[in-house]
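A closer look at the structure
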Amino acid sequence: MNIKNSSSHKKAEPESSVLYIVGTPIGNLNDLSARAINILKNVSLIACEDTRQTKKIMSKFKFTNNLISFNKHNSLNRIPRIINDLNIGKSIALVSDAGMPSICDPGEDLIKDARSDGINIICIPGPCAALTALVASGLPSSKFTFEGFLPKKKSEREKILLEINKDEKTTILYESPHRLKRLLNELKDFFGGAREIYVFRELTKKFEEHIGDNIDDVINHFEGKEVLGEITVVVKGVNKKITNSEFDENELRRELHNLINAGLNLSEASKYLAKKNNITKRLIYNMYKKHKELN
Ligand code: SAM
């Protein structure tokens, strides 16, 4: 096993021959960490997606540094040069226009190649739209699925929508503003309008907006409006279908008995309990029937 960087955080940063992957703000420049500023100020070179975006950061925090562009069009050509610079002792920071490099942004190939070349890599964590939206949604967040941008090709897109429709975990999607309405209509077609979702617009910025909390409401919200700004969508996972062996039959029988004693008929009581426990009415009827037969 090859364990690197184990003591690097104890040394002064930035160190020579280290590739720093630096998270930058997704809107609010005050979200740039003090550690990130120090790295960006003092590395030999910053590889950035768009030099104009990185200059905004340098101007806000009043420093300058050497920049080279590193984007989806030139990244494959730039990688050998960056790795060479690292090998001769330079320290290099990789940033994207916003958020964490490599999350739907350039970086993955450089990091992979640098790692296989034995270069030390240190990640300075920063904001990420996906995680910011997930946490703000209040939906289950310990396990989740991140899909990024859905593919444009219809068949590939539908395949993923079908997968999301079976996924019990919360799903996070990125979408461009001019495609949001199309996405919302597709979500409605595949999941139904009642599915819980939140659309996050302009996170961390002045006009931040959270729109929910189901697909129909979000579609209504945007009806007749032009969608502007940056968008992240968070979709609730499907409810786990509980099987016969997974619920407490005694407890359910007791509740059914109490509801019927309180005046509900079997159908009403079963409907209520099915909804409450996320099980089918049929399961409750069967349980009732089985119990009656035993008595
Ligand atoms: N690397 C970035 C990250 O860590 O979040 C993501 C880059 S990806 C090219 C850009 C997409 O992220 C946008 O189209 C949008 O879906 C989402 N995004 C970025 N900033 C956002 C913001 N402030 N509010 C909502 N979504 C945002």
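As a convention, each chain's residues are numbered from 1 in the sequence order in which they are written. Local features are withheld for residues below a pLDDT of 70 in this predicted model, meaning they are given only at 70 or higher, and side-chain atom pairs are given and counted only at 80 or more; totals for whole chains, interfaces and linings count all residues. Values reported for side chains reflect all heavy atoms of the structure, with hydrogen atoms and water molecules removed beforehand.

Details of the overall build of the protein chain
When its secondary structure is counted, the protein chain shows 11 helices and 10 strands. Just to be clear, the radius of gyration here is over C-alpha atoms, and the globule rule we use is 2.2 Å times residues to the power 0.38. Taken against the 2.2 N^0.38 rule, which gives 19 Å for 295 residues, the C-alpha radius of gyration of the protein chain at 26 Å runs more than 25% over that of a compact globule. Counting only C-alpha atoms and orienting by the principal axes, one finds that the protein chain spans roughly 85 × 55 × 35 Å. A burial count over the protein chain gives 42% of its 295 residues as buried. Within the protein chain, contacts between residues at least 6 apart in sequence are counted, and of these 68% link residues at least 24 apart. Counting from the N terminus, the helices are DSSP H or I runs at least four residues long and the strands are E runs at least two residues long. Burial status follows relative accessibility: with a 1.4 Å probe on protein chains alone, a residue under 20% of its type maximum counts as buried, one over 50% as exposed, and anything between as partly exposed. Residues count as neighbours in contact if any of their non-hydrogen atoms are within 4.5 Å of one another.

As for the side chain of T232
When you line up the elements, T232 lands in strand β10 (residues 231-235). Look past the residues within four positions of T232 in its chain and what remains in contact with it is A129, A130, A133, I172, L173, Y174, Y198, V199 and F200.

Quick word on the nonpolar core
We call a set of buried residues a nonpolar core when its members are Ala, Val, Leu, Ile, Met, Phe, Trp, Tyr or Cys and they connect through side-chain atoms within 4.5 Å of each other. In terms of nonpolar packing, the biggest core is built from 21 residues, with L173, L180, L184, L187, V199, F222 and V233 touching the most fellow members. Of all the elements in the fold, those that place two or more residues in this core are α6 (154-164), α7 (180-191), β8 (197-201), α8 (215-222) and β10. Of all the elements, α7 adds the most residues to this core, at 5 residues. Not counting chain neighbours up to four residues away, the residues in contact with V199 comprise L180, L184, E209, H210, I211, V218, F222, I231, T232 and V233. The next biggest cluster of nonpolar side chains, apart from the first, holds 18 residues, and it includes L40, I46, F63 and V95.

With respect to the pattern of salt bridges
Two side chains with opposite charge may pair up if their charged atoms get near one another. In the sections that follow, a salt bridge refers to a side-chain nitrogen of Lys or Arg positioned within 4 Å of a carboxyl oxygen of Asp or Glu. A full pass over the atoms with the stated rule returns 17 salt bridges. Its salt-bridge partner being E13, residue R35 comes within 2.7 Å of it at the nearest N-O pair. On the criterion of sequence distance, the pair formed by R35 in helix α1 (residues 34-42) and E13 in the segment before β1 (18-22) is long-range, its members being 22 residues apart. R179 is paired through a salt bridge with E175; the nearest N and O atoms lie 3.6 Å apart. For R179, a relative accessible area of 24% translates into the label partly exposed. When its relative accessible area of 6% is taken as the criterion, E175 is described as buried. Here the residues in one salt-bridge network are R157, E175, R179, R182 and E186, joined through shared partners.

Some remarks on helix α4 (residues 108-116)
Regarding α4, the residues found buried are L110, I111 and A114. Viewed end-on, α4 has its buried residues packed into an arc of 95°, placing them on one side of the element. Counted as exposed and oriented over 90 degrees from the buried face of α4: E108, K112 and S116. On its buried side, α4 packs onto β1, α3 (75-87), β4 (92-95) and β5 (120-124). Two residues or fewer after α4 comes G118, characterised by a positive phi angle close to 80°. Within this analysis, the arc is defined by the directions that extend from the helix axis to the C-beta atoms.

Observations concerning the domain arrangement of the protein chain
Taken domain by domain, the protein chain comprises domain 1 (11-127), domain 2 (130-238) and domain 3 (246-294). Computed from C-alpha coordinates alone, the two centres of domain 2 and domain 3 are separated by 35 Å. Where each domain starts and ends follows an automatic or database-derived domain assignment.

Examining the site of the ligand
Any residue with at least one heavy atom within 4 Å of a molecule or strand is counted as near it. Neighbouring residues of the ligand: 19 residues in total, closest D105, A129, Y174, I231 and T232. The backbone of M100 places a nitrogen or oxygen atom 2.9 Å from an oxygen atom of the ligand. Counted as a polar contact is a pair of N or O atoms within 3.5 Å, where, for protein atoms, one must be capable of donating a hydrogen and the other of accepting one, and residues adjacent in sequence contribute only when both atoms are in side chains. At 2.9 Å from a nitrogen atom of the ligand is found a main-chain nitrogen or oxygen belonging to L203. Here the ligand has 570 Å² of accessible area as a free molecule, and 91% of this is covered by the chains. Contributing elements (two or more residues each) for the shell around the ligand: β7 (170-175) and β10. Only Asp, Glu, Lys and Arg are considered charged in this grouping, and only Ala, Val, Leu, Ile, Met, Phe, Trp, Tyr, Cys and Pro are considered nonpolar; every other residue, Gly among them, is considered polar. Each residue belonging to the shell around the ligand can be placed in one class, and the counts come to 12 nonpolar, 2 polar and 5 charged. Composition of the shell around the ligand by domain shows at least three residues from each of domain 1 (11-127) and domain 2 (130-238). Only the protein chains shown count as cover for residues, and the accessible areas themselves come from Shrake-Rupley with a 1.4 Å probe.

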